[in-house]
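Listed below are the residues making up each chain.
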Amino acid sequence: MATTDEAEGVSGPLLTDGFLEDRTYQRRLADAALETHTLVCLPTGLGKTTVSLLVTAERLAGDAVNKSLLLAPTKPLVTQHAEFYREALEVPDGEIVVYTGDTRPDDRADLWSGARVVVATPEVVENDLVGNRVDLTDVVHCTFDECHRATGDYAYNYIAERYHDEARDPLATGMSASPGDDEEAILEVCGNLGLAQVEVMTEDDADVAAYTHETTVDWERVELPETVIEIRDAINDVIADRLSKLRDLGVTNTSKPDVSEREIQKIQGKLRELMDNDQSEGYEGMSLLAEVRKLRTAVTYAETQSVESLRRYFERQKQAARSSGASKADQRMVSEPKVREAIRRAEDYDDLHPKFRRTRMLIAQTLGIEDGERVIVFTESRDTAETLTDFLGEHFQTRKFVGQSDTEGSDGMTQTEQQETLDEFRAGEFEVLVSTSVAEEGLDVPEVDLVLFYEPVPTAIRAIQRKGRTGRQTEGAVSVLLAEDTRDEAYFWKARNDQKRMEEELRSLKSMAGEIESELTQTGMDEFAAAGAKQAPSDDSAPHETGGEAATDDGEVAAEPDDSAAETGGREAEPEESATASQASGDGGDDADASDESGGDDDTGGDGQAGLDAFAGGSDSDERGDESADRDEPDGEVATASADDESVEVVVDQRELDASIAKDLSRQDGVETRLETLAVGDYVLSDRVVVERKTVADFLDTLTGGDERSLFEQLTDAARYYARPVVVIEGEDLYGERNVHPNAIHGALASIAVDFGASVLRTTDADETRDLLANIAAREQEEEDRTVSVHGEKSSKTLAEQQEYVVASVAEVGPVTAESLLSEFGSVEAVMTADADELTAADGVGEVTAERIREVVGSDYDG
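## Observations concerning the packing of helix H5 (residues 122–130) against helix H6 (residues 155–166)
Close contact between H5 and H6 brings their axes to 9 Å; oriented N to C, the two are set at 45 degrees. In terms of their interaxial angle, H5 and H6 are classed as oblique. Between H5 and H6 the crossing geometry is left-handed. Residues Pro122, Glu123, Val125, Glu126, Leu129 and Val130 of H5 touch H6, and the partners they reach there are Ala155, Tyr156, Tyr158, Ile159 and Arg162. For the contact of H5 with H6, the residue count by class is eight nonpolar, no polar and three charged.

As structure tokens, then:
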């Protein structure tokens, strides 16, 4: 392990002498992480990345072929970590590579093979593992930064599974300041990443306390003006009316406008059941529920943000209602008399939310009376951020800091603009930074004298991350503004209680390092560790997110997560959902958080901070998971792949990554997967078999005009390039899921088979589809000795296939009879010149067929 020198700091194998300040707690954590797969929990800003780097240096020093993989959720954070590693490690810069969706897929394999340290976004590594571009065999240390994201279907989980399975000597380290709200959540992260122990250090530890300072938290309560209360109450009356209608439909028992999110979810579930049964009440109710959600968002604006933000929100709703694709919910809401009155009163209101004046007063006290230098104001809404920036700019040097995406009426900031803004903030060129949630998850922002929460955030994780912006080097302060008798109070208490519980759980877990492995076993989460993971040698919109609520920065404040269906059962356009578990479907631009450049904890600690400040970027939480951002997808290819002697190969269209099939196929022995942007089909299984996969819903959308590109257009292309197109219809109740006449379904199936010559195969679910694809690929590539061709075009058929094709086209002979005729006569010419009696000598050819062949071949052409 690294040694220390009082004058020079930390030194050791591959470490730049003196670059890292010697901190005892970092060395202790690194020693523990070298022993087994470890979750490292350390407060924001105290150097989790340094801990990981110390482990990496030790592991790499053992063998020149060893590699290290550091995963971080966003591209700016990846770049930030890479710069730090280049300064802190005695490894050539060219061997420390940044590996993101900005890197061309064809270049990544070469980068990977020549690298000793790969710093990457998880989505790009996940895609390259599915596509077999990279090999984890020599990765001796894998770090999962901001590992609390390892829930659901986040890319970390798949990478961890593959890593523990394939690496010859795996060692995994998870890093987070806030791994979860309770023991169950922390154990889930450990189980998903194959971590066997938890190492926790808090500010209570003496070694850590020396590098932290007291952070005080003040709760500032403000009263709403009477006019704002009247606006809110008018909107609540409409919510109560819509809930009463939902109650009449039998999907809820309440009409109270402060209905809980849990009840909203229950209502939604009951409405989906009605829709699944094709009952009109389901569609009617879903439209009402969509309206309730939008109105609740408006209430959140009025109560917790500002009347200006409410005005902007209503203006967007009016524009949506006037658009050609407006929903009934949009139109009904803006035409409701009480809503129109609320809009009128908001437009006439010329005062500010009392939070504005309180914000100004607190900043003046910090910068003036207390002689402070810098303040960060956090808010969940971009509307509020921009209004606050203008308001505070009249009194202080103020700049905004928002995400990259442009929203209606608001331009995002490029990475360059974000970096310049933070550089100027560090340099003291302005005093107040007004930021959306982009800066809360560990972005490398400087130490500040005051962190002001314009509204409370209801999750312990986000509260801890925001507080981490202060108190690193000197005493800091946090102020939270709460509007009385509003959702602010509920969210505040939830965050406070969750944070206390999480801190207690961390302390508890700290004392149970020896028990956590058995705990993981009991909950069934120790698959990686128990499966033989080897031990190493010892030598980090409504303004609220509770219950899954979305923090946004598109000018929306998402009172609830917008997973309600629109009137047709789809997702509403707003508020947008938060994206911790968003998966990218693209290859090449495969960072799910491509527009979420918020970064994670920079967290290196010590004297080597300069390396961390080299890059900053960000987007706000609503922009996470924007899968369309930063794509470098190649033009669509028909197919590229070839199978080897030991396994069959399945070419997967990258857009199919939304389904689990590709990842599941990649896990199967004897199957190799390759990702391509396919112009034809979803899966290519040989030079002649292409598969279009449709869920039952997708298939029925084709019949009702809901599919952007119809199945029949896709089959036209498939039949042009492949001799054996296959349509897989996945799901149950094809004839009962929608109100589509069975004759329409029969006609579509007949057309697929007769007009396009495609086979139609049914599967019940994704698992059955996966097995079917593997089976077909094996038949084609192993039993039929076929390969997956470069282009898959019919023009690239073998000579035998072309001969079969010519004969099969005569008088509807078909492929089986064509093969029999060619076997009997030896050539196309011999078949065509044989008389009827001679033709019947071939198996399967009777007199009728023979006469029909002779009629086609021997008759004069009469065009």
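Once the structure has been displayed, the description carries forward.
## Some details on the sheet that holds strand S3 (residues 38–41)
Taken in spatial order, the seven strands of this open sheet run S5-S6-S4-S7-S8-S3-S9, and their pairing is parallel. In this open sheet, the two strands that pair with only one neighbour each are strand S5 (96–99) and strand S9 (197–200). Here the average twist between neighbouring strands, direction ignored, is 20 degrees. Sitting on the sheet, H6 touches strand S4 (67–71), strand S7 (139–145) and strand S8 (172–176), and the angle it makes with S7 is about 165 degrees.

## Notes on the sheet that holds strand S17 (residues 671–676)
Pairing between the strands of a sheet comes from backbone hydrogen bonds, and it takes one of two forms, parallel or antiparallel. Spatial ordering of the open sheet is given by S17-S16-S18-S19-S20-S21, a layout of six strands whose pairing is mixed. Strands at the two margins of the open sheet, each flanked by one partner only, are S17 and strand S21 (759–763). Here strand S20 (residues 724–730) pairs with S21 via five bridges, running parallel. For Val726, the partnering residue across the bridge sits in S21 and is Ser759. Sheet strands touched by helix H24 (residues 711–721): strand S19 (689–695) and S20. Its angle to S19, the strand with the most contacts, is close to 170 degrees.

## Thoughts on the packing of helix H10 (residues 261–276) against helix H11 (residues 280–305)
Relative to each other, H10 and H11 sit at 155 degrees, their axes nearing to 8 Å. As far as their axial angle goes, H11 and H10 are roughly antiparallel. For H10 against H11, the interelement crossing comes out left-handed. Judged by residue contacts, Glu261, Ile264, Gln265, Ile267, Gln268, Leu271, Arg272, Leu274 and Met275 of H10 engage Glu281, Gly282, Tyr283, Gly285, Met286, Leu289, Val292, Arg293 and Arg296 from H11. Of the residues contributing to the contact of H10 with H11, the split by class is nine nonpolar, four polar and five charged.

## Some words on the nonpolar core
Core analysis: the biggest nonpolar cluster contains 57 residues, and Leu69, Leu71, Val125, Phe144, Leu193 and Leu685 have the highest contact counts within it. If you look at the next biggest cluster of nonpolar residues, it comprises 39 residues, including Val222, Val238, Leu295 and Tyr313.

## Points about helix H4 (residues 105–114)
Listed as buried for H4 are Pro105, Arg108 and Trp112. The buried residues of H4 all sit within an arc of 30 degrees when viewed along its axis, so they share a single face. Opposite the buried face of H4, by more than 90 degrees, sit the exposed residues Asp106, Asp110 and Ser113. Close packing links the buried residues of H4 with S4, S5, strand S6 (117–120), H5 and S7.

## Overview of the packing of aromatic side chains
The tally for this structure, following the rule as stated, stands at 12 aromatic pairs. Pairing Phe19 with Phe84 gives two aromatic rings, centres 6.0 Å apart and planes at 45 degrees, and the pair type is tilted. Taken as a pair, Phe19 in the loop between strand S2 (9–11) and helix H1 (24–35) and Phe84 in helix H3 (residues 75–88) lie far apart in primary sequence, 65 residues in all. Assessed through its relative accessible area of 16%, Phe19 is described here as buried. Their ring planes at 65 degrees and their centres at 5.5 Å tell us that Phe356 and Phe391 sit as a pair that is edge-to-face. Placement of the pair is Phe356 in helix H15 (residues 354–369) and Phe391 in helix H16 (residues 382–393), with a sequence separation of 35 residues. Here Phe356 matches Phe391 in class, with each residue buried.

## Some words on the pattern of salt bridges
For the structure on display, the rule yields 53 salt bridges. Note that Asp351 and Arg357 form a salt bridge whose closest N and O atoms lie 3.1 Å from each other. Classification of Arg357 by relative accessible area gives partly exposed; the value is 36%. Salt bridges sharing common partners tie together Glu308, Arg311, Arg312, Arg316, Asp383, Glu386 and Lys400.

## Topic: the side chain of Lys355
Position of Lys355 among the secondary structure elements: in helix H15. At a separation of 2.9 Å, a polar atom in the side chain of Lys355 contacts the main-chain carbonyl oxygen of Thr304. Other than its neighbours up to four places away in sequence, Lys355 contacts Val222, Thr304, Tyr454, Glu455, Leu481, Leu482, Ala483 and Asp488.

## Side note on the pairing of strand S14 (residues 450–453)
Of the two faces of S14, the one carrying Leu450 and Leu452 and the one carrying Val451 and Phe453 are both buried. Both strand S11 (residues 375–378) and S14 contribute to a ladder of four bridges, which runs parallel. Paired with Val375 across the strands is Leu450, a residue of S14.

## Notes on the confidence of the model for the protein chain
A low pLDDT score tells you not to read the predicted coordinates there in detail. Overall, the predicted model of the protein chain reaches an average pLDDT of 76, with 74% of residues at or above 70. For the stretch residues 528–635, pLDDT sits under 50, and the model shows 457 contacts to residues farther than four places along the chain or on other chains. Of the regions scoring below 50 in pLDDT, residues 639–644 engages in 22 contacts with residues more than four places distant in sequence or in other chains.

## As for the side chain of Arg232
Positionally, Arg232 belongs in helix H9 (residues 226–248). In this view, Arg232 contacts Leu224, Val299, Glu303, Asp485 and Thr486; residues no more than four positions away in its chain are not counted.

## Looking at the environment of Glu223
Structurally, Glu223 can be placed in the loop between strand S10 (215–222) and H9. Taking the C-alpha atoms as reference, Glu223 lies 9.8 Å from Glu303; in sequence the two are 80 residues apart. Not counting the four nearest positions on each side in its chain, Glu223 is found in contact with Pro354 and Glu484.

## A word on unusual backbone geometry
A positive phi angle, near 60 degrees, is found at Asp371, a position not held by glycine. Mapped onto the elements, Asp371 comes out in the loop between H15 and S11. Asp371 gets classed as exposed once you look at its relative accessible area, which sits at 64%. Residues other than glycine seldom take positive phi values, yet Asp485 does so here, at roughly 55 degrees. Here Asp485 lies in the loop between strand S15 (476–483) and helix H19 (487–510).

## Considering a negative patch on the surface
Together, Asp835, Asp837, Glu838, Glu847, Glu851 and Glu855 make up a negatively charged patch on the protein surface. Breaking the negative patch down by element, the ones donating at least two residues are helix H30 (836–839) and helix H31 (847–858). Here the negative patch takes three residues from H31, the largest share from any one element. Mapped onto the elements of the fold, Asp837 is located in helix H30. Asp837 sits in the exposed class, given a relative accessible area of 66%.

Cut-offs applied
- Residues numbered from 1 in each chain as written.
- Predicted model: local features only at pLDDT ≥ 70, side-chain atom pairs only at ≥ 80, totals over all residues.
- Heavy atoms only, no water.
- Axes fitted to C-alpha atoms, helices over the stretch in contact; angles between N-to-C directions.
- Helix = DSSP H or I, 4+ residues; strand = E, 2+ residues; numbered from the N terminus.
- Parallel < 35°, antiparallel > 145°, perpendicular 65-115°, else oblique.
- Left-handed = near helix turned anticlockwise from the far one by under 90°.
- Contact = heavy atoms within 4.5 Å.
- Nonpolar A, V, L, I, M, F, W, Y, C, P; charged D, E, K, R; others polar.
- Pairing = 2+ DSSP bridges.
- Core = buried A, V, L, I, M, F, W, Y, C linked by side-chain atoms within 4.5 Å.
- Buried < 20%, exposed > 50% of the residue type's maximum accessible area, 1.4 Å probe, protein only.
- Arc of directions from axis to C-beta.
- Phe/Tyr/Trp six-rings, centres within 6.5 Å; stacked < 30°, edge-to-face > 60°.
- Salt bridge = Lys/Arg side-chain N within 4 Å of Asp/Glu carboxyl O.
- Polar contact = N/O pair within 3.5 Å; in protein donor to acceptor, adjacent residues only side chain to side chain.
- pLDDT = per-residue confidence, 0-100.
- Patch = residues over 30% accessible without salt bridge, like charges linked within 9 Å, V, L, I, M, F, W, Y side chains within 5 Å.
- Areas by Shrake-Rupley, 256 points an atom, 1.4 Å probe, with all protein chains shown as cover.
- Lys, Arg positive; Asp, Glu negative; His and termini not counted.
- Charge placed at Lys NZ, Arg CZ, Asp CG, Glu CD.

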